[in-house]
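Structure at a glance
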Amino acid sequence: MNKPVESPLLAPAEVGTPRPHESAHLHVAGEATYVDDLPELAGTLHAALGLSPVAHGRLTTIALERVRAMPGVVAVLTAADVPGPNDCGAILHDEPILADGDVRYAGQPVFAVVAETRDAARRAAALAKDVLTIAPLPAVLTPQEAHAKGQYVLPAMHLERSTCDGGARAAIDAAPHRLQGRFDVGGQEQFYLEGQISYAIPKEDDGMLVHCSTQHPSEMQHLVARALTLRSHHVQVECRRMGGGFGGKESQSALFACVAAIAARRLKRPVKLRLDRDDDFLITGRRHCFHYQYDAGHDDDGRILGYELTMVSRAGHSADLSGPVMTRALCHVDNVYWLPDVSLHGCSGRTNTQSNTAFRGFGGPQGAIATEMLLDGIARSLGRDALDVRRANYYGKSSSNNVTPYGQTVSDNVIHDLTDQLELSSDYRVRRGDIAAFNATSPVLKRGLALTPVKFGISFNLKHLNQAGALVHVYTDGSILVNHGGTEMGQGLNTKVVQVVAHELGVSFERVRVTATDTQKVVNTSATAASSGSDLNGKAAQDAARQIRERLADFAARRHGGEASAVRFANDTVEVAGASMPFPELVRHAYEDRVQLWSDGFYATPGLHWNPATMQGRPFYYFAYGAAVSEVLVDTLTGEWTLVRADLLHDVGRSLNPAVDIGQIEGAFIQGMGWLTMEELVWHPKTGLLTTHAPSTYKIPTANDCPPVFNVRLYDNGNFEDSIHRSKAVGEPPLLLAFSVFFAIRDAVSAVGGHRVDPPLRAPATPEAILDAIDAVRGSA
């Protein structure tokens, strides 16, 4: 026992500290272990997939003799070799592991080759185009075509609100002004640095260990067990980290985990399946592209009075997560705007393409951009600044204008003040005047400016997914080990969880370590998605650490006197009854007195409810807000453009880690910019083959695309709800800040016609799309 201290110890500053990523030192040294870095066990085999060369057809024969005869081939598996149901669908059972009977898209896996080496497996699998006999059938490739045929993966969804007789249609007809239009937004490849990979290892007594790069280990566990006709307790899925996910490894890692596990069980040898980048593109889905048709009525100030919107997504050949994606899209059409009378329709078109899936934002960006497009057009038709029209439609703070179309009250609305701050700090009004003067004297180069706001709902739409568990172990030397159900994909989740646990126990960051996500440690976990990783797992870890701290406090009070509530934990030291001791010393004494030094923690987000039939409820625990101002320079002769400056102000509540959060905001903004301006997916109109299936044809932003002036600030605002340390989610919401880039380009194109013509600019706004819009403006001016 040390001598008494005269002044109280201050609480540690772990939460709110801008710490580096907990694995940063491993990343830069090349020592961070991913699935493909794990030492291969003796006897490991490698799998590759034989893919359909046609988009739609009837599989008549598979001449596998040639494939089996290839050097190094050990086995070739087809749908007939799946022990259980031939299905890996995330929600509906409509997605075969290996094609059986019909082939639904070019790139669909038909058979799996298992060989002694990866190269041998790939060479044999490449024979697919020669050994598959497929009777072709008509293919549907676009959402518009699917919609025209009434071909959907799920029934259409409808969200309506009426504040007047006759609803949205009557409000539109009675409005002083009316605007109708169509708009298309493309999809987006996740382009994670680490591709899809699974490594399955047979264990004793029907056990199966699967190392999988996945955002959802529990779902992989359940699907692998189902495919093998085993129980969940037979299957262990482990993931230490991913080299990126962005939603692409939420459900779509299942096919690869299942194939590897099926092969491993059949051959009783470890099997690894690691995709080539081209095959990853050809097999897996991505962000849904959307087609929009809108009809709206508005007043002289640009306020929307009635609004009808039909959204049609390219779902692909199966449902996957298209239903939840469309639900979130419908629930984000309002963005930050009061829409009194709306009639919103969402259709998930069945197409003969890859089954589209989750991607950062999960439908929210596709829903919100439709209304931003509408308001931008309204502003131009009225000759007003788009920011003023947006402001005129902001949610208010009274019951007459602060309820969403799905019935949730916007009780934490900070968008007015946030916009005020950004407008002032970015010199928006001054720059608007400067740009008008520049454009008036510059016939070729045109500048554009836009300020766009964001409101993004945080929680899974399914209530039961909003739960998490964690384990915290304190060892007798005072070191701490944490395991939780979330997965680390570079976003800094583990870093924040370490900070939360260190803060709760009053110890240094270095004293805490996080282990790999493992279905044998924390069970029945939800996907690390919906921007909820820190909210859920941080709260669960805090709960576990708090229980240990309370046990230690009770023990310290019994041993040294005083009240347990007066025991202080800070700076790796425990203060009790006017004296202090090192944290490890108290832990050692507690162990000797048989105090439990480990605990499980649990958290379930309160207050959520949702009725999918009526599309009403409270699907979100809270909203995250933000706004961005972007300025671009467009060359009207080539369609090329440059982002000159970006000013971002984003609401993350009380930040757990400002360095991580700012990094997430910057990355999301650039990724969103890529989606809306350069990342173009193209399918061959006759063969249905995705022609942009490699970095040579599919372009993502690079460091050179970052603006020379890039101002990113955190909005000072504690969370209205009791989230983890009053922080807010940061993974997805900032992606919508990139709307400002797209609308700045649109503003520059509009300047070609003196802002008298609404530019028909599609997204992505590639140079070709920009030139098409410029030609249309000039032709109508």
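1. Points about the pattern of salt bridges
Per the stated rule, a full pass over the model turns up 51 salt bridges. Residue Lys 249 is joined to Glu 194 by a salt bridge in which the shortest nitrogen-to-oxygen separation is 3.3 Å. Separated by 55 residues along the polypeptide, Lys 249 in the loop between strand 11 (235–239) and helix 8 (254–267) and Glu 194 in the loop between strand 8 (177–185) and strand 9 (197–202) bring together distant segments of the chain. Residue Lys 249 is classed as buried on the basis of its relative accessible area, which comes to 0%.

2. Some remarks on helix 17 (residues 583–592)
Burial of helix 17 is extensive: 7 of the 10 residues sit out of reach of the surface. Of all the positions in helix 17, only Phe 583, Pro 584, Glu 585, Leu 586, Val 587, His 589 and Ala 590 are classed as buried. Note on helix 17: the residue one or two positions beyond its end, Arg 594, has a positive phi of about 65 degrees.

3. Remarks on the sheet that holds strand 14 (residues 304–316)
One open sheet accounts for 5 strands, arranged 7-15-14-13-8; its pairing is mixed. In the strand order of this sheet, the two ends are held by strand 7 (157–161) and strand 8, each with one partner. Direction aside, neighbouring strands of the sheet carry axes that sit 10 degrees apart on average. With 5 bridges connecting them, strand 7 and strand 15 (residues 342–350) associate as antiparallel partners. Looking across to strand 15, one finds that His 158 is bridged to His 345.

4. Section: the side chain of Gln 196
By secondary structure assignment, the location of Gln 196 is in the loop between strand 8 and strand 9. On the basis of relative accessible area, Gln 196 is assigned to the buried category, the value being 0%. A polar atom in the side chain of Gln 196 sits 3.3 Å from the side chain of Tyr 192. Not counting the four nearest positions on each side in its chain, Gln 196 is found in contact with Ser 213, Gly 248, Lys 249, Gln 252, Ser 253, Phe 256, Leu 273, Arg 274, Leu 275, Asp 280 and Thr 284.

5. Some remarks on the nonpolar core
Core analysis: the largest hydrophobic core is formed by 145 residues, its most contacted members being Tyr 307, Ile 480, Val 501, Trp 641 and Ile 745. If you tally residues by element for this core, the top one is helix 16 (residues 533–560), at 10 residues. Ignoring any residue separated from it by four or fewer positions in sequence, one finds Trp 641 in contact with Val 632, Leu 633, Val 634, Met 673, Thr 677, Met 678, Val 741, Ile 745, Ala 765 and Ile 770.

6. A short note on the environment of Val 652
Within the fold, Val 652 resides in the loop between strand 28 (641–651) and helix 18 (658–677). Measuring from C-alpha to C-alpha, the distance between Val 652 and Tyr 715 comes to 7.1 Å, with 63 residues separating the pair along the chain. With residues near it in sequence (within four places) discarded, Val 652 still touches Asp 661, Ile 665, Leu 714, Ser 727, Lys 728 and Val 730.

7. Focus: the pairing of strand 29 (residues 709–715)
Where strand 28 and strand 29 come together, 7 bridges link them in parallel fashion. Note on strand 29: the bridge partner recorded for Asp 651 is Tyr 715. Crossover handedness for the path strand 28 to helix 18 to strand 29: right-handed.

8. Structural notes on the confidence of the model for the protein
The predicted coordinates ought not to be read in detail in places where the model reports low pLDDT. Averaged over the protein, the pLDDT score is 96; the fraction of residues at 70 or greater is 98%. Predicted confidence is poor over residues 1–11, with pLDDT under 50, and the contacts of this stretch with residues over four places away or in other chains come to 29 contacts.

Rules of the game
Residues numbered from 1 in each chain as written. Predicted model: local features only at pLDDT ≥ 70, side-chain atom pairs only at ≥ 80, totals over all residues. Heavy atoms only, no water. Salt bridge = Lys/Arg side-chain N within 4 Å of Asp/Glu carboxyl O. Helix = DSSP H or I, 4+ residues; strand = E, 2+ residues; numbered from the N terminus. Buried < 20%, exposed > 50% of the residue type's maximum accessible area, 1.4 Å probe, protein only. Pairing = 2+ DSSP bridges. Axes fitted to C-alpha atoms, helices over the stretch in contact; angles between N-to-C directions. Polar contact = N/O pair within 3.5 Å; in protein donor to acceptor, adjacent residues only side chain to side chain. Contact = heavy atoms within 4.5 Å. Core = buried A, V, L, I, M, F, W, Y, C linked by side-chain atoms within 4.5 Å. Right-handed = clockwise from strand over helix to strand, strands pointing away. pLDDT = per-residue confidence, 0-100.

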